[in-house]
Amino acid sequence: MNSKSAKQLPHEKRKGEAALSDFAEYVEQQQALRFPLSRAPATSSAAHHSATAKSAQADADHEHHDELDDILDSLDLSDPAPRVRLREFLLSPESSTDALEGLSEIIQKRLLEGHGETVFDVGVEDNGDSMKLTIDEWDTAYKRVIDAAKKLGADCQLLLTKNVGGELDGAPTKDKDCSGKVMVRQAPSTVEEVIETRIAVVGNVDAGKSSMLGVLVKGDLDDGRGKARVNLFRHKHEIETGRTSSVGMEIMGFDTKGEVVVSDTPGRKLSWEEIGKRSAKVITFSDLAGHERYLRTTVFGLLSSSPNYCLLMVAANNGLIGMSKEHLGIALALNVPVMVVITKIDICPPQILEQTVNQITRILKSPGARKIPIFIKNREECINTATQFVSQRICPIFQVSNVTGENLDLVRSFLNILPHHGRYDAEAPFEFHVNDTFSVPHVGTVVSGIVKSGVIHAGDDVQIGPDSLGRFTQTSIRSIERKRIGVPMASAGQSASFALRRIRRKDVRKGMVVLAKLDGAPPKVYREFVAEVLILSHATTIKTKYQAMLHVGPVSQTCAIIDVDRPFIRTGDRATVAFRFVQRPEYLAPGDRLLFREGRTKGLGIVKSVGYDPSQPLMAKQGDEGTAPLPQTATEESKGAGVMADA
């Protein structure tokens with residue numbers, strides 16, 4: 001097909017963008033059903049966004065009275081007991097132990113919600129009212145927060161002040177009230193309590209992804225010829241070409257005072273064990289390939305690593321070209337919060353940089369993305385944006401140079417404050433998805449991946465599968481490692497590696513799951529399933545018997561379409577589709593996100609139900625009122641999306 005006929009018309013492009021945005025909202029709703037016990041980070045803004053999102057969902061579904069009760073409980077509208085204001089805790093006499101205990105309890109609660117860290121606004125009440133502190137009162141209040149944090153084994157880092165004076169002071173306000181933001185971070189008692197945030201690093205080839213990570217992790221600047229990225233490569237051909245072809249992993253640690261954990265010796269890179277033992281918070285970067293040839297590897301890395309955030313790298317002299325748009329589209333569809341870093345600003349002419357900035361702004365504001373771009377140029381903007389980043393609508397943008405080091409300190413500060421984001425249920429049955437397999441001398445077979453739900457301990461009996469026949473093998477966990485450090489347990493949301501007993505390396509593969517051993521029937525696996533899909537791009541129409549490479553989490557397998565709820569589907573269409581795995585059955589659950597591709601064809605989806613009954617075709621179900629209702633129409637959903645946008 002020639003390029004003219006393959007090119008989308010403007011109205012088709014707008015239809016596809018609007019469909020992508022609506023579908024992302026639908027995916028978020030289904031994910032909430034898949035992982036119901038989500039906890040928002042402990043910031044006042046996060047609580048506000050969470051309450052607003054919940055109320056929007058309650059408006060959409062009046063049957064959920066329990067949810068409305070939860071919102072009323074969180075607002076304490078029915079609580080008759082008078083609440084002590086924060087100001088009284090902060091400014092009470094030093095001899096008042098009750099006030100210190102009360103303040104410690106408040107901070108402890110926020111630390112629990114924030115997974116061990118929280119940003120505390122000194123000078124602002126919980127409801128957002130100013131405490132109207134003078135400079136002397138501010139000093140007293142700040143010292144009181146430090147004392148309360150010490151009782152909990154936490155350290156304080158002053159991030160930003162208002163009307164206080166000093167190098168951390170932001171733009172003065174008219175009312176002259178003193179206030180400030182303080183990061184309170186607890187020292188982890190054990191390695192498994194270290195806060196972990198996973199970030200997928202994507203972008204076009206030559207955007208500077210590996211160089212940027214090398215500079216951030218080592219602390220040394222690049223020489224402009226690839227010096228910083230050499231340590232990140234895993235293969236000889238990557239070093240020779242300078243192009244990443246595999247999923248590279250790198251970690252960056254922060255201590256309780258917000259300082260980056262780096263070596264005291266210039267040029268020396270710390271081992272993962274050293275970083276893990278000295279850190280209170282660890283950022284795990286997945287360095288993904290930017291070349292089109294390695295798109296399959298990049299898609300696998302994006303879906304299997306369950307990133308909390310996505311870091312899109314754009315070269316200032318090239319703009320958002322090639323695979324950058326593909327990667328951005330996948331991140332938006334998976335509803336992963338996106339931040340943008342524009343690199344190489346030291347070698348880019350001002351007019352070209354301006355064109356790149358305008359292009360990124362235009363794309364982020366488009367109907368498909370619906371993001372609010374925020375260009376971060378100083379520390380105050382950095383702190384305020386990082387604390388608000390739980391909102392899906394915000395997209396922070398940095399302009400950096402790995403050679404001169406310009407604005408790299410803002411990126412480090414942003415990563416330090418980045419709130420924990422994601423849905424994980426530690427109380428649900430144990431479920432672990434295998435991303436990679438190894439054979440380690442004197443240890444045996446090792447599998448690495450993400451704990452999706454539940455908790456596991458070393459020595460526990462588990463089952464791993466499915467194999468080509470859909471069976472699970474009984475085994476037990478010999479040992480557990482996180483960031484190459486041995487730990488006694490791993491819980492939901494953490495990445496870990498398990499050494500398995502009595503299992504050969506050739507019997508495990510990427511895409512398998514490790515589940516808790518149950519006495520009852522073995523876990524059910526399925527060769528067929530039904531999904532709600534959105535076609536992002538396809539030159540012609542898609543019908544039954546169409547085959548494509550399908551990615552569901554770490555699972556990558558060829559799938560065939562066996563049924564559709566309409567005669568055919570094309571670009572921008574949203575449909576209910578039944579798939580069949582070609583090679584072997586897999587372990588799936590409703591709510592799992594999927595992505596399929598074949599050449600330039602791309603589609604997104606979410607699993608609605610597992611299994612398929614040929615006697616009840618999807619076309620017939622569509623008109624049958626007795627069956628479960630199909631998802632909202634695009635019109636209804638766009639209304640819901642508008643509510644969320646307003647929130």
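Definitions and limits used
Residues numbered from 1 in each chain as written. Predicted model: local features only at pLDDT ≥ 70, side-chain atom pairs only at ≥ 80, totals over all residues. Heavy atoms only, no water. Helix = DSSP H or I, 4+ residues; strand = E, 2+ residues; numbered from the N terminus. Buried < 20%, exposed > 50% of the residue type's maximum accessible area, 1.4 Å probe, protein only. Contact = heavy atoms within 4.5 Å. Areas by Shrake-Rupley, 256 points an atom, 1.4 Å probe, with all protein chains shown as cover. Pairing = 2+ DSSP bridges. Axes fitted to C-alpha atoms, helices over the stretch in contact; angles between N-to-C directions. Polar contact = N/O pair within 3.5 Å; in protein donor to acceptor, adjacent residues only side chain to side chain. Phe/Tyr/Trp six-rings, centres within 6.5 Å; stacked < 30°, edge-to-face > 60°. Parallel < 35°, antiparallel > 145°, perpendicular 65-115°, else oblique. Nonpolar A, V, L, I, M, F, W, Y, C, P; charged D, E, K, R; others polar. Left-handed = near helix turned anticlockwise from the far one by under 90°. Core = buried A, V, L, I, M, F, W, Y, C linked by side-chain atoms within 4.5 Å. Patch = residues over 30% accessible without salt bridge, like charges linked within 9 Å, V, L, I, M, F, W, Y side chains within 5 Å. Salt bridge = Lys/Arg side-chain N within 4 Å of Asp/Glu carboxyl O. Lys, Arg positive; Asp, Glu negative; His and termini not counted. Charge placed at Lys NZ, Arg CZ, Asp CG, Glu CD.

Labelled according to an unreviewed UniProt entry, the protein appears under the name GTP-binding protein, originating from Podospora comata.

Along the protein, the regular secondary structure elements total 17 helices and 25 strands. The burial tally for the protein puts 53% of its 647 residues in the buried class. Contacts in the protein between residues far apart in sequence, at least 24 positions, make up 72% of those at least 6 positions apart. Accessible surface computed for the protein: about 29800 Å², of which carbon and sulfur atoms make up 51%.

For the rest of this paragraph, the subject is the sheet that holds strand 1 (residues 117–122). Judged by pairing direction, the sheet is antiparallel, and its three strands sit side by side in the order 1-3-2 without closing on themselves. Of all strands in the sheet, those with a lone pairing partner are strand 1 and strand 2 (154–162), marking the two edges. Put simply, the sheet's adjacent strands are angled 20 degrees from each other on average, direction ignored. Here helix 6 (residues 97–113) sits on the sheet in contact with strand 1 and strand 3 (179–186), set at roughly 135 degrees to strand 1. On the sheet, helix 14 (residues 379–387) packs against strand 1, strand 2 and strand 3 and is oriented at approximately 120 degrees with respect to strand 2.

Turning our eyes to something else, we now look at the pairing of strand 15 (residues 473–482). Relative to strand 15, strand 14 (residues 461–465) runs antiparallel, the two being bridged by four bridges. Counterpart to V462 in the pairing with strand 15 is T475. Here strand 15 pairs with strand 18 (residues 495–500) via four bridges, running antiparallel. Note on strand 18: the bridge partner recorded for E481 is S497.

Before going further, it helps to examine unusual backbone geometry. Most peptide bonds are trans, and most residues other than glycine sit at a negative phi. The omega angle of the peptide bond from G465 to P466 is 0 degrees, so this bond is cis rather than trans. Positionally, P466 belongs in the loop between strand 14 and strand 15. Despite not being glycine, N163 shows a phi value in the positive range, around 65 degrees. You can call N163 buried: its relative accessible area is 13%. In this structure, K344 takes a positive phi of about 65 degrees despite not being glycine. Tracing the backbone shows K344 in the loop between strand 8 (338–343) and helix 13 (350–365).

Tracing the sequence through the fold places D563 in strand 22 (residues 555–564). A polar contact is formed between the side chain of D563 and the side chain of Y612, at a distance of 2.6 Å. In terms of polar contacts, D563 uses its side chain to reach the backbone amide nitrogen of L618, at 2.8 Å. When neighbours within four sequence positions are excluded, D563 is seen to be in contact with T544, T576, V577, A578, Y612, P617 and L618.

Moving on: the packing of aromatic side chains. Considering all chains together, one arrives at ten aromatic pairs under this definition. Judged by centre distance (5.2 Å) and plane angle (75 degrees), the ring pair of F398 and F414 falls under edge-to-face. Placement of the pair is F398 in strand 10 (residues 394–399) and F414 in helix 15 (residues 408–417), with a sequence separation of 16 residues. Summarising the burial analysis for this pair, F398 and F414 share the class buried. Taking the centre distance of 5.7 Å and the plane angle of 55 degrees together, the rings of F579 and F596 count as tilted.

A separate point is the packing of helix 8 (residues 209–218) against helix 15. At a minimum axis distance of 11 Å, the contact between helix 8 and helix 15 shows a crossing angle of 75 degrees. Considering the angle they form, helix 8 stands roughly perpendicular to helix 15. Between helix 8 and helix 15, the contacting residues are M212, V215 and L216 on the first element and L408, V411, R412 and L415 on the second. Its residues placed into classes, the contact of helix 8 with helix 15 shows six nonpolar, no polar and one charged.

Glancing now at the packing of helix 6 against helix 7 (residues 135–151). Interhelical geometry of helix 6 versus helix 7 gives an angle of 70 degrees and a closest axis separation of 9 Å. Relative to helix 7, helix 6 is oriented roughly perpendicular. Read as a crossing pair, helix 6 and helix 7 show a hand that is right-handed. Of the residues in helix 7, those touching helix 6 at L100, E101, L103, S104 and I107 are R144, V145, D147, A148 and K151. Classifying every residue of the contact of helix 6 with helix 7 gives five nonpolar, one polar and four charged.

With respect to the helices and strands, the residue M619 is situated in helix 16 (residues 618–622). You can call M619 partly exposed: its relative accessible area is 42%. With 42 residues separating them along the chain, M619 and V577 place their C-alpha atoms 9.9 Å apart. Setting aside its immediate chain neighbours within four residues, M619 contacts V564, D565, R566 and P567.

If you check which residues of helix 14 are buried, you get E380, C382, I383, T385, A386 and T387. Its side-chain oxygen placed 3.2 Å from the backbone nitrogen of E380, N378 serves as the N-cap of helix 14.

Further remarks concern the environment of I503. Tracing the sequence through the fold places I503 in the loop between strand 18 and strand 19 (513–516). Separated by 57 residues in the primary sequence, I503 and V446 have C-alpha atoms spaced 9.2 Å apart. For I503, the contacting residues outside a window of four places in its chain are T445, I464, T473, T475 and V508.

Let's shift gears to the nonpolar core. Judged by nonpolar contacts, the single largest core of 40 residues is most densely connected at L312, V338, V340, I342, L353 and I360. Here this core takes six residues from helix 12 (residues 323–333), the largest share from any one element. With sequence-adjacent residues up to four places away left out, L353 is seen in contact with A316, I342, I345, C348 and Q399. In this structure, M183, M212, F398 and V400 belong to the second largest nonpolar core, which totals 36 residues.

On the surface, R478, R501, R502 and K517 cluster together into a positively charged patch. Structurally, R502 is set in the loop between strand 18 and strand 19.

What follows is about a nonpolar patch on the surface. On the surface, a cluster of nonpolar side chains totalling about 190 Å² of accessible area is made up of F438, V440 and V443. Structurally, the position occupied by V440 is in strand 11 (residues 431–440). A residue is classified by how much of its surface remains accessible, and V440, at 32% relative accessible area, is partly exposed.

This part takes up the pattern of salt bridges. Side chains that differ in charge, positive against negative, can pair when their charged atoms come close. One pass over the structure, following the stated rule, counts 18 salt bridges. The shortest N-O distance in the salt bridge between D507 and R504 comes to 3.2 Å. Each of E196, R198, R482 and K483 takes part in a single network of salt bridges with overlapping partners.

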